[in-house]
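One-letter residues, chain by chain:
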Amino acid sequence: MFKKLMLAGVAASMVAAPTMASAAPQQYREVVRQGPNRTVVVQRGPGYREKTVIRHNNARKWARGQRFDRRYATNYRQIDYRAYRNRGVYAPPRGYQWVQSGNDAVLIALASGVIGAVIGGAIR
């Protein structure tokens, strides 16, 4: 009698196991690509594939002597120093140019990309 009860319990647990696994679908996140300011995440599960782009707000703090990389600059563009004279931006020396990174004006060397000066909050 005891053997029959044990056999029935094992059989019932084997039948119930697949239904419990299908009731809770497995979902996981897989990082597909990471960049300086974004991460692309693909969520996969049974029957669907969703792509999510996560933007990071990593405002880079520039300092004199660092190498400037425009991939890390927010709102990157070359600026005309004459438009921002009253905020401390002066004429760049030969071989340098002013660029915008966020609200900062950054003086970079054209040949090497080394930062010569940073004026914080010059551009609004």
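Computed from a prediction, not measured in an experiment: that's the story for all the values here.

**What about the pairing of strand E6 (residues 104-109)?**
Moving on, step 1. Across the six residues that make up E6, a large majority, six, are buried.
Moving on, step 2. Burial of E6 is two-sided: the residues Asp104, Val106 and Ile108 facing one way and the residues Ala105, Leu107 and Ala109 facing the other way are all buried.
Moving on, step 3. Judged from the six bridges that link them, strand E5 (residues 96-101) and E6 form a sheet pairing that is antiparallel. Residue pairing for E6: Gln97 is matched across the bridge by Ile108.
Moving on, step 4. Adjacent in sequence and paired antiparallel, E5 and E6 are bridged by two residues, among which Gly102 carries a positive phi angle near 70 degrees.
Moving on, step 5. Strand direction decides the pairing type here: E6 and strand E7 (residues 115-119), joined by four bridges, are antiparallel. What sits directly across from Val106, in E7, is Val118.
Moving on, step 6. Where E6 hands over to E7, the hairpin turn is made up of five residues, of which Gly113 adopts a positive phi near 80 degrees.

**Some thoughts on the pattern of salt bridges**
Moving on, step 1. Throughout the structure, instances matching the rule amount to two salt bridges.
Moving on, step 2. Measuring nitrogen to oxygen at the nearest pair gives 2.8 Å for the salt bridge that ties Asp69 to Arg71.
Moving on, step 3. Looking at Asp69, the relative accessible area reads 22%, which means it is partly exposed.
Moving on, step 4. By relative accessible area, Arg71 is classed as exposed at 53%.
Moving on, step 5. Salt-bridge contacts for Asp80 lead to Arg82; the nearest nitrogen and oxygen are separated by 3.2 Å.
Moving on, step 6. For Asp80, a relative accessible area of 37% translates into the label partly exposed.
Moving on, step 7. Here Arg82 falls in the exposed class, since its relative accessible area comes to 53%.

**Focus: the sheet that holds E6**
Moving on, step 1. With respect to topology, four strands assemble into an open sheet ordered E4-E5-E6-E7, the strand pairing being antiparallel. Each of the sheet's edge strands pairs with one partner strand only, and the pair in question is strand E4 (77-78) and E7.
Moving on, step 2. In this sheet, E5 lies alongside E4 in antiparallel orientation, the contact comprising two bridges. Bridge pairing links Arg77 to Gln100 in E5.

**Thoughts on the environment of Gly120**
Moving on, step 1. With respect to the helices, strands and loops of the structure, Gly120 is situated in the segment after E7.
Moving on, step 2. Along the backbone, Gly120 and Ser101 are 19 residues apart, and their C-alpha atoms lie at a distance of 9.5 Å.
Moving on, step 3. Leaving out residues up to four positions away in the same chain, Gly120 has contacts with Asn103 and Asp104.

**Remarks on the packing of aromatic side chains**
Moving on, step 1. This model, assessed by the stated rule, comprises three aromatic pairs.
Moving on, step 2. Plain terms: the ring middles of Tyr90 and Trp98 are 5.3 Å apart, the flat faces sit at 85 degrees to each other, and that makes the pair edge-to-face.
Moving on, step 3. For Tyr90, a relative accessible area of 40% gives the class partly exposed.
Moving on, step 4. Classification of Trp98 by relative accessible area gives buried; the value is 2%.
Moving on, step 5. Here a set of aromatic residues connected by ring pairs shows up, and it is made of Trp62, Phe68 and Tyr76.

Cut-offs and rules
Residues numbered from 1 in each chain as written. Predicted model: local features only at pLDDT ≥ 70, side-chain atom pairs only at ≥ 80, totals over all residues. Heavy atoms only, no water. Buried < 20%, exposed > 50% of the residue type's maximum accessible area, 1.4 Å probe, protein only. Helix = DSSP H or I, 4+ residues; strand = E, 2+ residues; numbered from the N terminus. Pairing = 2+ DSSP bridges. Salt bridge = Lys/Arg side-chain N within 4 Å of Asp/Glu carboxyl O. Contact = heavy atoms within 4.5 Å. Phe/Tyr/Trp six-rings, centres within 6.5 Å; stacked < 30°, edge-to-face > 60°.

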